[in-house]
Amino acid sequence: MSADTDTADRLTVATPPPSHLLLADYLDAQRAVLLAAPITADLADPATVHEPVVAARRARSALSAHRPVVRKQSEVRRLIEELRWFGISLGAAAELREQSARLHAEVDGLRPRYLRGPVRERLDTYFAARVQPAWAAATELLAAPRYHTMLEDLTAEEGLLRAGVVPGLDGVDQARVLGELLERVRRRMRAVQTGRDEDGIDAATHALRKAVRRTRFYLESVHDLAPTRSTAAVDGLRALQDLLGEHQDAAVAKHHLIQLTREAESAGESTFTYGLLLQREIDRAARCAQALPATYWQSLRAVRVMADVHDVHDG
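The rules behind each value
- Residues numbered from 1 in each chain as written.
- Predicted model: local features only at pLDDT ≥ 70, side-chain atom pairs only at ≥ 80, totals over all residues.
- Heavy atoms only, no water.
- Helix = DSSP H or I, 4+ residues; strand = E, 2+ residues; numbered from the N terminus.
- Buried < 20%, exposed > 50% of the residue type's maximum accessible area, 1.4 Å probe, protein only.
- Contact = heavy atoms within 4.5 Å.
- Areas by Shrake-Rupley, 256 points an atom, 1.4 Å probe, with all protein chains shown as cover.
- Phe/Tyr/Trp six-rings, centres within 6.5 Å; stacked < 30°, edge-to-face > 60°.
- Axes fitted to C-alpha atoms, helices over the stretch in contact; angles between N-to-C directions.
- Left-handed = near helix turned anticlockwise from the far one by under 90°.
- Nonpolar A, V, L, I, M, F, W, Y, C, P; charged D, E, K, R; others polar.
- Core = buried A, V, L, I, M, F, W, Y, C linked by side-chain atoms within 4.5 Å.
- Expected span 1.5 Å × (residues − 1).
- Bend = angle between axes of the 7 residues up to and from the residue.
- Salt bridge = Lys/Arg side-chain N within 4 Å of Asp/Glu carboxyl O.
- Polar contact = N/O pair within 3.5 Å; in protein donor to acceptor, adjacent residues only side chain to side chain.
- 1 Å grid on protein atoms, 1.4 Å probe; cavity = no way out; pocket = protein on both sides within 12 Å on 5 of 7 lines; lining within 4 Å.
- Points joined across faces, edges and corners; volume = space filled by probe spheres on them.

S.K.: Please explain the overall build of the chain as it appears in this structure.
M.R.: Along the chain, the regular secondary structure elements total twelve helices and zero strands. When the helices and strands of the chain are listed from N to C terminus, the series reads α-α-α-α-α-α-α-α-α-α-α-α. With 315 residues in all, the chain has 47% of them scored as buried. Considering only contacts in the chain between residues 6 or more positions apart, those separated by 24 or more positions represent 78%. On the chain, roughly 15,400 Å² of surface is accessible, and the fraction owed to carbon and sulfur atoms is 53%.

S.K.: What is the right way to look at the packing of aromatic side chains in this model?
M.R.: Counting across every chain of the model gives five aromatic pairs. For the ring pair Tyr-126 and Phe-127, a centre distance of 4.9 Å and an interplane angle of 85° mean the geometry is edge-to-face. Each member of the pair, Tyr-126 as well as Phe-127, is classed as buried. For the ring pair Tyr-296 and Trp-297, a centre distance of 5.1 Å and an interplane angle of 80° mean the geometry is edge-to-face. Its relative accessible area of 3% is what places Tyr-296 among the buried residues. In this structure Trp-297 comes out as partly exposed when scored by relative accessible area, which is 28%. Feature note: the residues Trp-85, Phe-86 and Tyr-147 constitute an aromatic cluster, connected by ring pairs.

S.K.: So what exactly am I meant to see when it comes to the packing of helix H7 (residues 119–142) against helix H11 (residues 227–266) here?
M.R.: Helix-helix packing is characterised by the crossing angle of the two axes and by the distance between the axes. Where H7 meets H11, the axes come as close as 11 Å, and the angle between the chain directions of the two elements is 115°. Crossing handedness for the pair H7 and H11: right-handed. Taken together, the residues of H11 that come into contact with H7 (itself represented by Arg-122, Leu-123, Tyr-126, Phe-127 and Arg-130) are His-256, Gln-259, Leu-260, Glu-263 and Ala-264. For the contact of H7 with H11, the per-class residue count stands at five nonpolar, two polar and three charged.

S.K.: Would you mind showing me how to read the environment of Arg-102 here?
M.R.: Mapped onto the elements of the fold, Arg-102 is located in helix H6 (residues 74–108). Apart from residues no more than four positions distant in its own chain, Arg-102 is found in contact with Asp-249, Ala-250, Ala-253, Glu-281 and Arg-284.

S.K.: Help me out: how do you make sense of the nonpolar core in this one?
M.R.: Most often, soluble globular proteins have nonpolar side chains that are buried together. Counting residues in each nonpolar core, the largest one holds 54 residues, and the members touching the most others are Leu-34, Leu-63, Leu-83, Phe-86, Leu-142 and Met-150. When residues of this core are assigned to their parent elements, the largest contribution, twelve residues, is made by H6.

S.K.: Could you clarify how one ought to interpret H6 in this entry?
M.R.: One full turn of an α-helix is made of 3.6 residues, so residues set three or four places apart face in the same direction. In this model H6 runs 51 Å from its N-terminal to its C-terminal C-alpha over 35 residues, within 8% of the 51 Å that 1.5 Å per residue would give. The largest bend along H6 reaches roughly 40° and is located at Ala-92.

S.K.: How should I be thinking about the pattern of salt bridges in this particular structure?
M.R.: Pairs can form between side chains of opposite charge once their charged atoms are near each other. In total, this model carries 24 salt bridges according to the counting rule given. A salt bridge links Glu-95 to Arg-57, with the nearest nitrogen and oxygen atoms 3.7 Å apart. With Glu-95 in helix H6 and Arg-57 in helix H4 (residues 46–64), this pair connects stretches of sequence that are 38 residues apart. The class of Glu-95 is partly exposed, set by a relative accessible area of 42%. Exposure remark for Arg-57: the relative accessible area of 16% places this residue in the buried category. Residue Glu-158 is joined to Arg-162 by a salt bridge in which the shortest nitrogen-to-oxygen separation is 3.2 Å. With Glu-158 and Arg-162 both in helix H8 (residues 145–163) and four residues apart, the pair spans about one turn of that helix.

S.K.: What is the right way to look at helix H9 (residues 174–193) in this model?
M.R.: Along its 20 residues, H9 runs 29 Å from first to last C-alpha, staying within 8% of the 28 Å computed at 1.5 Å per residue. By the burial criterion, the buried members of H9 are Gln-174, Val-177, Leu-178, Leu-181, Leu-182, Val-185, Arg-186, Met-189 and Val-192. Packed against the buried residues of H9 are helix H2 (19–35), helix H10 (198–221) and helix H12 (272–306).

S.K.: What should I look at first to understand the side chain of Asp-202 in this one?
M.R.: In this fold, Asp-202 is placed in helix H10. There is a polar contact of 2.9 Å between the side chain of Asp-202 and the side chain of Lys-254. If sequence neighbours within four positions are ignored, Asp-202 has contacts with His-247, Ala-251 and Lys-254.

S.K.: Help me understand the layout of surface pockets, please; the structure alone is not making it clear to me.
M.R.: Left-over empty space is what a probe sized like a water molecule reveals as it rolls over the atoms. Counted as a void, the largest pocket has a volume near 940 Å³. The wall of the largest pocket is formed by 39 residues, among which Arg-57, Glu-95, His-206, Arg-209 and Arg-213 lie closest to the centre. Where the lining of the largest pocket is concerned, the elements lending two or more residues are H4, H6, H9, H10 and H11. No other element matches H6, which puts twelve residues into the lining of the largest pocket. Classifying every residue of the lining of the largest pocket by side-chain character gives twelve nonpolar, ten polar and 17 charged.

Structure below.
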């Protein structure tokens, strides 16, 4: 890290704000997005569903990073679990919608000679049978008492943080917190590298993605402690997360295409096109895996500096 960068951080934040206020501000920003979810959510525009899902992940990641607090407070653990429930439940419909759009676009890009059988019609039927009930469940979720209770709990936790009555949060060595998050990332990267079968590697890569995401969102929550270095670290993690997200999209698409192939076989239809699309997703996942080591080291360089980690031979 250059002297200019260190100087910029010192000038920007002469006296860093206390951790409990940083976390309270971060949770408040996510709560605002979650509160607007029933108004903005629209399955026709998956981005409107994606925003509250990411807000829930941000809040959960920021809270989860403070392990001593989580271990000591059952209320925080319960809030984390509720945020996880919300993100998974609301995100299911949008993820299906995105996969449908992805596979339809792949079909539209095929030459006519590679399109065998009623592929578009089967895609429509397959995803409609899954998207519609998932979206109905999401709509019910946003009107459910459990959703409103989660928001109330989030508001209450924010209030406690502002009052400075959450023990074990201030005085924490943020470099140590970041080091622990980075160690989680390392362990999961090793699991990817030692994976022996396709499904196992896909699962390990998805787990790595979640660890990277948690680290990134934690850094966002304490951005004002070292703004310049935090921005550089978050940008690096975002690049790695994007690559891992592309791999996960391909992994999920593979499972959909395998199921579509089975349904086409049962109906006596040609499975040629599904096989072609499946191979494309396999190749896409392989390209991501090939690019992962270099992206991993490049993306985590700034994070290692922030965590005061000097052992460049880890992993």
